[in-house]
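Here is what each chain is made of, one letter per residue.
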Amino acid sequence: MSTELSVVLVHRNDIERTQLRSALESLPGVQIAGERSDLRAGMALAHQVEPSILLLELAGGGDEALQAASQYRLQHPDVVLFLSTDQFNPETLVRAMHAGAQEVLRRPLDREALSAAVERVAAFAARKHGGGTSRSVITVFSNKGGVGVSTLATNLAVSIRRQSGREVALADFDYQSGDVASMLGLAPARTIGDVLSAARIDSASVQDVMLKHASGVSVLSQPEQIERVDGVMGHQVGSVLEILGATYEVVVVDAPHLINDIALEIFDRSSIILVVAELSLPSVRAARRSLDIFHKLNFMTMQDRVRLVLNRASEHSAISRAQIEETLGMRVFCSIANDYAAVSQAINLGRPLCVDSPKSRAGRDLDGLARELIPVENATWQEEEAAPRRPRLRLFGKG
Ligand SMILES: Nc1ncnc2c1ncn2[C@@H]1O[C@H](COP(=O)(O)OP(=O)(O)O)[C@@H](O)[C@H]1O
Ligand SMILES: [Mg+2]
């Protein structure tokens with residue numbers, strides 16, 4: 001752990017506070033910036049030293065501590081909040097999440113859970129400061145459906161995995177359609193629905209539902225029934241994505257087709273946002289609207305964070321690539337050929353293009369896009385694929 005993590009500890013009980021302190025001090029890279037038994041004094045100390053982690057005990061009903069935590073986070077949005085409670089029930093967890101807690105720790109102290117929680121923070125901090133391998137969250141997005149977002153996300157994940165050998169996760173956050181599993185021929189027994197209904201969202205509950213595709217990509221699927229993710233909230237999706245980003249070298253996201261709080265949580269955590277458009281007027285108009293919003297949200301200030309990908313590109317379309325670039329005031333980062341036969345066969349068979357028809361025009365373009373995004377230094381071309389199955393048509397992903 002190279003990044004130093006400072007902690008302010010606020011806990012009324014002297015014995016427990018001492019236990020927490022010694023558990024934290026035994027972790028590499030952690031230093032205690034101060035501890036207090038009183039909430040008010042603890043918050044004053046936190047304002048003064050601005051720790052990386054603020055650990056608060058939820059005393060009594062926890063209202064006071066939660067309110068103090070929410071207020072503190074408004075002024076110090078980068079702080080990581082740990083809450084410790086003996087009321088380890090769904091209601092407390094939801095309230096803790098609303099206050100912006102990253103971890104809720106059980107009382108009495110579970111040293112292993114604490115150490116795992118600190119490790120997650122350290123991994124995230126190292127990533128933020130450019131340490132370790134460069135990690136990326138690549139979000140594929142269009143505010144208009146049917147332009148190929150799921151096709152691109154799915155194939156991109158598999159292609160990056162095959163060409164670079166990196167640890168890749170593919171997260172289906174398009175809760176309306178949930179096409180990823182089917183496009184990969186997976187029948188998911190466990191899905192993001194299970195993470196959201198688990199007692200807490202942590203790396204164990206997320207790992208529990210990841211499915212391994214034959215390519216080696218770990219897949220987070222949507223459930224078959226939309227009711228299972230009804231009422232899902234932005235910050236929950238944010239927590240899941242945060243965990244994926246800290247766990248995998250590359251995360252590819254199939255994003256929902258609208259800009260709501262869920263999408264904003266996703267964008268906030270994305271190193272690259274690929275805006276997908278087709279060479280059609282409605283699609284260009286839709287792309288223009290998203291780019292306007294990205295401008296307003298200041299996403300365009302970071303160079304190359306938002307990139308334009310043209311799907312179903314063809315020389316025969318009424319609008320040219322140059323026209324689209326002029327209209328959107330943005331260069332096309334990459335284009336994927338219009339290749340209906342290969343793409344629709346891949347979708348219907350539930351097998352990614354770069355597995356089944358890597359030489360197809362779209363397959364080649366998608367491999368090229370993957371290389372542009374994740375430069376392959378030493379391509380390992382991992383072959384985790386089982387002996388090729390005879391492709392057969394399936395309905396509804398039960399292949
Ligand atoms: N490069 C392509 N060439 C031809 N057809 C494509 C291409 N990409 C996607 N499609 C078609 O477009 C349709 C929508 O794709 P999909 O990935 O489900 O879009 P979205 O996720 O944006 O709704 C699919 O039926 C697919 O066959
Ligand atoms: Mg889709």
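Here the residue numbering is sequential within each chain, running from 1 through the sequence in written order. For naming, the first written chain is A and the first written ligand is 1, with later ones following in the order written. With the structure being a predicted model, the display of local features is reserved for residues of pLDDT at least 70 and the display and counting of side-chain atom pairs for 80 or more, all residues being used for whole-chain, interface and lining totals. Calculation of side-chain values draws on the structure's entire complement of heavy atoms; hydrogens and water are dropped beforehand.

Under the annotation held in an unreviewed UniProt entry, the protein carries the name MinD/ParA family protein and is attributed to Eiseniibacteriota bacterium.

Got a minute to help me understand the overall build of the protein in this structure?
Runs of H or I in DSSP of at least four residues are treated as helices and runs of E of at least two as strands, each being numbered from the N terminus. Looking only at helices and strands, the protein features 16 helices and 13 strands. Relative to the compact-globule value of 21 Å for 399 residues, the protein shows a C-alpha radius of gyration of 23 Å, a close match. The principal-axis extents of the C-alpha atoms in the protein amount to approximately 75 × 45 × 45 Å. Summary of the burial criterion: residues with accessible area below 20% of their type's maximum are buried, those above 50% are exposed, and those between are partly exposed, where the area comes from a 1.4 Å probe applied to protein chains only. Put simply, the protein has 399 residues, and 54% of those count as buried. Considering only residue pairs separated by 6 or more positions, the protein has 75% of its internal contacts joining residues 24 or more positions apart. All accessibility values rest on the Shrake-Rupley procedure with a 1.4 Å probe; residue burial counts only the protein chains present in the view. When the accessible area of the protein is evaluated, it comes to approximately 18500 Å², of which 48% is carbon and sulfur surface. Positive and negative side-chain charges of the protein, numbering 42 and 48 respectively, have mean locations separated by a distance of 4 Å. Using C-alpha atoms as the atom set, the radius of gyration is obtained and then compared with a globule rule of 2.2 Å times the number of residues to the power 0.38. The contact criterion used throughout is that any non-hydrogen atoms of two residues lie within 4.5 Å. Charged residues are defined narrowly, with Lys and Arg counted positive, Asp and Glu counted negative, and His plus the chain ends left uncounted. Working definition for charges: the position is that of NZ of Lys, CZ of Arg, CG of Asp or CD of Glu.

So what exactly am I meant to see when it comes to the packing of aromatic side chains here?
The relative placement of two aromatic rings is captured by the distance of their centres and the angle of their planes. Only centres within 6.5 Å qualify two rings of Phe, Tyr or Trp (six-membered ring in Trp) as a pair; their planes then separate them into stacked at under 30 degrees, edge-to-face at over 60, and tilted for everything else. Going through the model one piece at a time under the given rule, you end up with 5 aromatic pairs. Taken together, a centroid distance of 5.0 Å and an interplanar angle of 80° make the contact between Phe-141 and Phe-267 edge-to-face. Here Phe-141, found in strand β6 (residues 136–141), pairs with Phe-267, found in helix α11 (residues 261–268); they are 126 residues apart in sequence, far enough to count as distant. In terms of burial, Phe-141 and Phe-267 fall into one category: buried. Taking the centre distance of 5.7 Å and the plane angle of 65° together, the rings of Phe-294 and Phe-299 count as edge-to-face. Linked through ring pairs, Phe-141, Phe-267, Phe-294 and Phe-299 together constitute an aromatic cluster.

Explain the sheet that holds β6 to me, please; I cannot follow it from the model alone.
Where strands meet in a sheet, backbone hydrogen bonds hold them as pairs that are either parallel or antiparallel. Two strands pair if DSSP finds at least two bridges between them. Spatially, the 8 strands line up as an open sheet ordered β8-β9-β7-β10-β6-β11-β12-β13, and their pairing is mixed. With partners counted over all chains shown, the strands left at the sheet margins are β8 (211–212) and β13 (332–337), one partner each. The pairing of β6 with strand β11 (residues 272–277) spans 4 bridges and is parallel. When the bridges of β11 are listed, Phe-141 appears paired with Val-275. The strands touched by helix α6 (residues 149–164) are β6, β7 (168–172), β10 (250–254), β11, β12 (306–313) and β13; relative to β10, the strand with the most contacts, the crossing angle is about 165°. Helix axes are fitted only over the stretch in contact, all axes being lines through C-alpha atoms; the angle between N-to-C directions runs from 0 to 180 degrees.

Looking at this model, I keep getting lost on the side chain of Ser-221. Mind explaining?
On the secondary structure map, Ser-221 appears in the loop between β9 (218–220) and α10 (234–247). Here Ser-221 is in contact with Asp-172, Ala-181, Pro-188, Thr-191, Ile-192 and Leu-211, once residues within four sequence places are set aside.

Mind showing me how you'd approach the site of ligand 1 here?
Around ligand 1 sit 17 residues, and of these Gly-146, Val-149, Ser-150, Thr-151 and Asn-311 come closest. Polar contacts, as counted here, are pairs of nitrogen or oxygen atoms within 3.5 Å of one another; within protein the pair requires one atom able to donate a hydrogen and one able to accept it, and residues that are adjacent in sequence qualify only if both atoms are side-chain atoms. Arg-312 is positioned with one of its side-chain polar atoms (N or O) 3.3 Å from a nitrogen atom of ligand 1. A distance of 3.4 Å separates a nitrogen atom of ligand 1 from a polar side-chain atom of Asn-338. For ligand 1, the accessible surface in isolation is 570 Å², of which the surrounding protein chains cover 85%. Going through the elements one at a time, α6, β12 and α14 (340–349) are the ones with two or more residues in the shell around ligand 1. Each residue is tested against the molecule or strand, and it is near if at least one of its non-hydrogen atoms lies within 4 Å.

Can you help me understand the nonpolar core in this one?
Put simply, a nonpolar core is a bunch of buried Ala, Val, Leu, Ile, Met, Phe, Trp, Tyr and Cys residues held in one set by side-chain atoms that sit within 4.5 Å of each other. Counting 47 residues, the largest nonpolar core has Phe-173, Leu-220, Leu-244, Val-253 and Phe-294 as the members making the most contacts within it. For Phe-294, the contacting residues outside a window of four places in its chain are Phe-141, Phe-267, Ile-273, Val-275, Phe-299, Met-300 and Val-306.

Whenever I open this one, the pattern of salt bridges confuses me. Can you help?
Each reported salt bridge corresponds to a side-chain nitrogen of Lys or Arg within 4 Å of a carboxyl oxygen of Asp or Glu. Evaluation of the coordinates by the stated rule reveals 18 salt bridges. As a salt-bridge pair, Arg-200 and Glu-103 come within 2.9 Å of each other at their nearest N and O atoms. Of this pair, Arg-200 sits in the loop between α8 (192–197) and α9 (203–209) while Glu-103 sits in strand β5 (residues 103–106); the two residues are 97 residues apart in sequence, bridging distant segments of the chain. One salt bridge connects Arg-321 with Glu-325, and the closest N-O pair in it is separated by 3.9 Å. Here the residue Arg-321 and the residue Glu-325 both occupy positions in helix α13 (residues 321–328), the gap between them amounting to 4 residues, near one helical turn. One salt-bridge network, in which partners are shared between bridges, spans Arg-12, Glu-16, Glu-57, Asp-86 and Arg-107.

I keep staring at the pairing of strand β3 (residues 53–57) and nothing clicks. Help me out?
On a regular strand, one side chain projects to one face of the sheet and the next to the other, so that they alternate. Of all 5 residues in β3, 5 are buried; the element is thus mostly enclosed. The two faces of β3 match: Ile-53, Leu-55 and Glu-57 on one face and Leu-54 and Leu-56 on the other face are all buried. In this sheet, β3 lies alongside strand β1 (residues 5–10) in parallel orientation, the contact comprising 4 bridges. Its bridge partner being in β3, Val-8 is matched across the sheet by Leu-54. Remark: the β3/helix α3 (residues 63–75)/strand β4 (residues 80–85) crossover connection has right-handed handedness. Call a crossover right-handed when, viewed with both strands pointing away from you, the route from the first strand across the helix to the second goes clockwise.

What am I meant to see in the packing of α6 against helix α16 (residues 361–373) here?
A pair of packed helices is captured by two measures, namely the crossing angle of their axes and the spacing between those axes. One can describe the packing of α6 onto α16 by two numbers: an axis separation of 9 Å at closest approach and a directional angle of 65°. In this view, α6 runs roughly perpendicular relative to α16, as classed from their interaxial angle. As for how α6 packs across α16, the hand of that crossing is right-handed. Residues Leu-152, Asn-155, Leu-156, Ser-159, Ile-160 and Gln-163 of α6 lie in contact with α16, whose contacting residues are Leu-366, Asp-367, Leu-369, Ala-370, Arg-371 and Leu-373. Roughly parallel here means an angle under 35 degrees, roughly antiparallel means over 145, roughly perpendicular means 65 to 115, and every remaining angle is called oblique. Each helix crossing is assigned a hand: it is left-handed if the near helix lies turned anticlockwise from the far helix by less than a right angle, otherwise right-handed if that turn is clockwise.

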